[in-house]
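Take a look at the letters that make up each chain.
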Amino acid sequence: MQITMRWFGTSYDSVTLAQIRQVPGITGVITTLYGTKPGDVWEREAIAAMKAEVEAAGLSLAGIESVNVHDAIKTGEPERDTYIDHYITTLSRLGEVGISLVCYNFMAIFDWTRSDLAKQRSDGSTAMSYDQRIIDPMDPEALFKAMQAQAQQYSLAGWEPERLSHIKRLFERYQGIDEEQLFANLTYFLKAIIPTCEQYGINMAIHPDDPAWPVFGLPRIISRKEQLVRLITTVDNPYNGVTLCTGSLGTNPHNDIPDIITALKGRIHCAHVRNLRHNGPGNFEECAHLSADGSLDMFAIMKALYAIGFDGPIRPDHGRAIWGEQAMPGYGLYDRALGVCYLNGLWEGITKMSHNASNKA
Ligand code: DNO
């Protein structure tokens, strides 16, 4: 596996590539081309410049998160074919520049959703949290505004201010789209782009729904094991894979993550590994990566990844805000760096134990 961190580019991130380089074991970053909207065709020169910037800092560009999918593709509107063509052009340019991993999601309207971006924790840190009882009385516009207000000056991936102005219209476009229709639109998209992925060797890694249940009555199709397995078997091509995000799948206590990892063997193209704490039905908060701080067994998760021979990029994910750091919610340097050290430690232990066991055998 390759240890990486997400980086939001020079203009948006409070964390620099030079800082990331000093986190033990990190050799690459996951980033995206800023200044583009879903549906845009990415310029080859801009992709190459982004890659060169990362490489000049002594890191590799391990993957793109995300090349976002235009709503017309998700809703299956007539313009979808044009936007799929754009997506294919972007993929081929990424491939020409040597990029082999693309993360994306197929969530309707909202990407990851939280009710609080800075919930006070008993250890004195703050972390992002979600409580369905807070979301229920809100309308989507109010949620959007609350997320923006709490994010202060930071731009939140998936919550770009320009989406707010047409949120009502977006909801209209999703009317009548149920889970089956959304799934059919996803497979239509994948079947169209897979030949390009094959040509350039690009792994597509869908990001699970976060939280892993419907919000505002919008359909959700990447929340559970059966849905993930259905996706990889319906478009049964090695390039059609998954981002194993423990913090997203883990929002639902019924999701057995090591079991999901085993079921997705060979199709997990990258992993976001972090912990969270369940506080009650529809209520969770993010926490330190350490197993003891949350509800997920991080050792079991890393062991399952090791057992399936996972060798893609892995990254810590949302951290707490600690030590007074001012940073984008979830994406400060300090707690994610602690997370990296912990994941490294687990992996080293698992690897050495397994080598010792096979030497004895
Ligand atoms: C949140 C992230 C998501 C993720 C996208 C992938 O922090 O995990 O925004 O990057 O859903 O398309």
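Look a little higher up for the structure.
This is a predicted model, so every value here is computed, not measured. (Residues numbered from 1 in each chain as written. Predicted model: local features only at pLDDT ≥ 70, side-chain atom pairs only at ≥ 80, totals over all residues. Heavy atoms only, no water.)

1. Focus: the packing of helix H5 (residues 80-96) against helix H9 (residues 179-200)
Inference 1: Where H5 meets H9, the closest approach of the two axes is 10 Å, and the angle between their N-to-C directions is 25°. One way to sum up the angle between H5 and H9 is to call them roughly parallel. Between H5 and H9 lies a crossing whose hand is right-handed. Along the contact surface, H5 presents Arg80, Asp81, Ile84, Tyr87, Ile88, Leu91, Ser92, Gly95 and Glu96, while H9 presents Asn185, Tyr188, Phe189, Ala192, Ile193, Thr196, Cys197 and Tyr200.
Inference 2: The residue inventory of the contact of H5 with H9, partitioned by class, reads ten nonpolar, four polar and three charged. (Axes fitted to C-alpha atoms, helices over the stretch in contact; angles between N-to-C directions. Helix = DSSP H or I, 4+ residues; strand = E, 2+ residues; numbered from the N terminus. Parallel < 35°, antiparallel > 145°, perpendicular 65-115°, else oblique. Left-handed = near helix turned anticlockwise from the far one by under 90°. Contact = heavy atoms within 4.5 Å. Nonpolar A, V, L, I, M, F, W, Y, C, P; charged D, E, K, R; others polar.)

2. Brief notes about a nonpolar patch on the surface
Inference 1: Side chains of Trp323, Tyr334 and Leu338 sit close together on the surface and give an oily, nonpolar patch of about 340 Å² of accessible area.
Inference 2: Secondary-structure assignment places Leu338 in helix H14 (residues 334-360). (Patch = residues over 30% accessible without salt bridge, like charges linked within 9 Å, V, L, I, M, F, W, Y side chains within 5 Å. Areas by Shrake-Rupley, 256 points an atom, 1.4 Å probe, with all protein chains shown as cover. Salt bridge = Lys/Arg side-chain N within 4 Å of Asp/Glu carboxyl O.)

3. Focus on the pairing of strand E5 (residues 116-120)
Inference 1: Note: E5 against strand E6 (residues 126-131), three bridges, orientation antiparallel. Within E6, the position partnered with Lys119 by the bridge is Ala127.
Inference 2: Hairpin remark: E5 followed by E6, antiparallel, with five residues in the connecting loop; positive phi at Gly124, about 90°. (Pairing = 2+ DSSP bridges.)

4. Some details on the site of the ligand
Inference 1: Taken together, Arg6, Glu65, Ser66, Cys103, Tyr104, Asn105, Met107, Asp111, Trp112, His207, His318 and Tyr331 form the complete shell of residues around the ligand.
Inference 2: His207 is positioned such that a nitrogen or oxygen atom in its side chain is 3.1 Å from an oxygen atom of the ligand.
Inference 3: Here the ligand has 330 Å² of accessible area as a free molecule, and 99% of this is covered by the chains.
Inference 4: For the shell around the ligand, the residue count by class is five nonpolar, four polar and three charged. (Near = heavy atom within 4 Å. Polar contact = N/O pair within 3.5 Å; in protein donor to acceptor, adjacent residues only side chain to side chain.)

5. Topic: the packing of aromatic side chains
Inference 1: Evaluated as defined, the whole model comprises 16 aromatic pairs.
Inference 2: Ring centres of Phe110 and Phe216 lie 5.6 Å apart, and the angle between their planes is 45°; on these two criteria the pair is classed as tilted. Pair noted here: Phe110 is in the loop between strand E4 (101-105) and E5 and Phe216 is in the loop between strand E7 (203-207) and helix H10 (225-234), with a separation of 106 residues, a long-range link.
Inference 3: According to the relative accessible area criterion, Phe110 is buried, its value standing at 3%.
Inference 4: The exposure class of Phe216 is partly exposed, given its relative accessible area of 23%.
Inference 5: Put simply, the rings of Phe110, Phe144, Trp159, Phe171 and Phe216 touch in pairs and so form one group of aromatic residues.
Inference 6: Directly above the ring of Tyr188 sits Arg80, whose terminal nitrogen or CZ lies 3.5 Å from the centroid.
Inference 7: The ring of Phe183 carries Arg230 above its face, with NZ or CZ at 3.9 Å from the centroid. (Phe/Tyr/Trp six-rings, centres within 6.5 Å; stacked < 30°, edge-to-face > 60°. Buried < 20%, exposed > 50% of the residue type's maximum accessible area, 1.4 Å probe, protein only. Lys NZ or Arg CZ within 6 Å of the ring centre and 35° of its normal.)

6. What about the environment of Trp323?
Inference 1: Mapped onto the secondary structure, Trp323 falls in the loop between strand E12 (313-316) and H14.
Inference 2: By relative accessible area, Trp323 is classed as exposed at 63%.
Inference 3: Contacts of Trp323, omitting those with residues within four sequence positions, involve Tyr334 and Leu338.

7. Description of the packing of H9 against H10
Inference 1: With their axes 10 Å apart at the nearest point, H9 and H10 run at an angle of 35° to one another. The handedness of the crossing between H9 and H10 is right-handed. Residues Glu179, Glu180, Phe183, Leu186, Thr187, Leu190 and Lys191 of H9 form the contact with H10, whose own contacting residues are Gln227, Arg230, Leu231 and Thr234.
Inference 2: Per-class residue counts for the contact of H9 with H10 are four nonpolar, three polar and four charged.

8. Here's the deal with the sheet that holds strand E11 (residues 283-286)
Inference 1: Read across the open sheet, the four strands follow the order E5-E6-E11-E10; overall the sheet is antiparallel. Pairing within the sheet leaves two strands with one partner each, and these edge strands are E5 and strand E10 (276-280). The mean inter-strand angle of the sheet, taken between neighbouring strand axes irrespective of direction, is 35°.
Inference 2: For E10 and E11, the ladder comprises four bridges, and the chain directions are antiparallel. Each residue of the ladder has a partner; that of Gly280, found in E11, is Asn283.

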